[in-house]
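Structure at a glance
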Amino acid sequence: MNHRRTRPLLVVLATATALAAAPAVAYADSGPLAPVAVAPANIDPVTGVPVTGAQTTGTPVTGAPDTGAPVTGGIPLTNTSEKIGPGIDLQHVKALAQKGWYDAQFLHVDLSNSAVGTDLLTSGPVASGGPLSKAANKAGAVAGVNGEFFDIGNSNAALGGEVQDGKLIKSADTGGRQHVGVSKDGIAQLVDLTVDANANFAGADHKVLSLNAANGGGVPADGLIAFTSAWGDYSRNRGLTGVPNDQIAEVLVKNGSVVSVTPNGSAGSGTIADDSFVLVGRGAAATALRALQPGDPVKLDYDLADNVAKTMKFALGHGGTIVSGGKVVSGLDTSIAPRTALGF
């Protein structure tokens, strides 16, 4: 991608399984081109190490097959390029090397092109999934790229935070996550999506650890978490699996007042109205929620803590930086798995 940044970086976004049910990055323009779902990958499929020859600068391509050495290395079988929109080019490489087969697609996006727009694609509610092609078609996107790791086999919620069209949708799981995004003025960058969230009730502020997050790794002891209508209808108990029911409590708040208190878990499921939210507590947080009564006032406040994060058009989590300043970082996972990577 071309944009105003001096230090090149490459980050892992997610597993590149075909049309995986995960949040994704969308690239679009105002033209009538049909959406294309792609999963770019420039990671060695055997070692998991990024291919050092991969292009990440958004250099214009010609659309003609390239008979020279492919960017993946090895013996070229297919190396074609096509322009799929203003400032958007797609390169497809198939090659055979000593370590195995490569089948990689590279989407080059010029973020400085005024015809290019970017945003986060999702299937709808945070706790849901679906084909990437469906989300891209619905958005009218020229291309979609498979994005963040997610709570596979359970809620399908992304592990990291999400900003969509400039709006905070969710925080990362309580264990934290690294994030990447594109600002409203078209700058791709790593970004801190830490969320400051508090619930005020019974005359005191109570720290909220996560917002619309599955927390598959578990909610910490005495932790308080929150869900809004963005979550969907999936169980809110995902992060409390195995926790005794007498250590869990849940409160439904509508228009700033308590509607109901569930004094013992597990946490519930079902849709949450736009004018409502749910607080779920464990341990000491559950004890505090049990003291509430219908009609009691409760206020939930949350916002991005970092000022730069507040300038993002979209952002999502990633699996870690793999190339920085043109060099592969140390300590990478070398297991065999396809990956989607974002370079800028």
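The structure under discussion appears in the preceding block.
So, here is what we can say about the structure in this document. (Residues numbered from 1 in each chain as written. Predicted model: local features only at pLDDT ≥ 70, side-chain atom pairs only at ≥ 80, totals over all residues. Heavy atoms only, no water.)

**Focus on the overall build of the protein**
Across its full length, the protein holds two helices and 24 strands. Each of the 344 residues in the protein was classed as buried or not, and the buried ones make up 47%. Partitioning the intrachain contacts of the protein with sequence separation of at least 6 by distance along the chain shows that 69% fall at a separation of at least 24. Summed over all atoms, the accessible surface of the protein reaches about 15,000 Å², with 51% contributed by carbon and sulfur. (Helix = DSSP H or I, 4+ residues; strand = E, 2+ residues; numbered from the N terminus. Buried < 20%, exposed > 50% of the residue type's maximum accessible area, 1.4 Å probe, protein only. Contact = heavy atoms within 4.5 Å. Areas by Shrake-Rupley, 256 points an atom, 1.4 Å probe, with all protein chains shown as cover.)

**Observations regarding the pattern of salt bridges**
Opposite charge on two side chains permits them to pair, given that their charged atoms come into close proximity. Counting across every chain of the model gives eight salt bridges. One salt bridge in this structure joins Asp 151 and Arg 238, with 2.8 Å as the shortest N-O distance. Placement of Asp 151 in the loop between β8 (143-146) and β9 (162-164) and of Arg 238 in the loop between β16 (224-227) and β17 (248-254) is noted, with a sequence separation of 87 residues between them. Asp 151 sits in the buried class, given a relative accessible area of 6%. (Salt bridge = Lys/Arg side-chain N within 4 Å of Asp/Glu carboxyl O.)

**Description of the nonpolar core**
Soluble globular proteins tend to pack their nonpolar side chains together in the buried interior. Core analysis: the largest hydrophobic core is formed by 28 residues, its most contacted members being Phe 201, Leu 224, Leu 279, Leu 289 and Val 298. Elements represented by at least two residues in this core include exactly β13 (195-201), β16, β17, β19 (276-282), α2 (284-290), β20 (299-304) and β21 (312-318). (Core = buried A, V, L, I, M, F, W, Y, C linked by side-chain atoms within 4.5 Å.)

**A look at the packing of aromatic side chains**
The tally for this structure, following the rule as stated, stands at one aromatic pair. On the numbers, 5.1 Å between centres and 65 degrees between planes, the contact of Phe 227 with Trp 231 is edge-to-face. Using a relative accessible area of 2% as the deciding quantity, one classes Phe 227 as buried. Judged by its relative accessible area of 0%, Trp 231 is buried. (Phe/Tyr/Trp six-rings, centres within 6.5 Å; stacked < 30°, edge-to-face > 60°.)

**What about the sheet that holds β20?**
Taken in spatial order, the three strands make up an open sheet running β14-β13-β20, and their pairing is antiparallel. The sheet is open, and its two borders are formed by β14 (204-207) and β20, each paired with just one other strand. Going from strand to strand, the sheet's axes swing by 25 degrees on average, the running direction of each strand aside. In this sheet, β20 lies alongside β13 in antiparallel orientation, the contact comprising six bridges. Along β20, the bridge assignment pairs Val 195 with Leu 304. (Pairing = 2+ DSSP bridges. Axes fitted to C-alpha atoms, helices over the stretch in contact; angles between N-to-C directions.)

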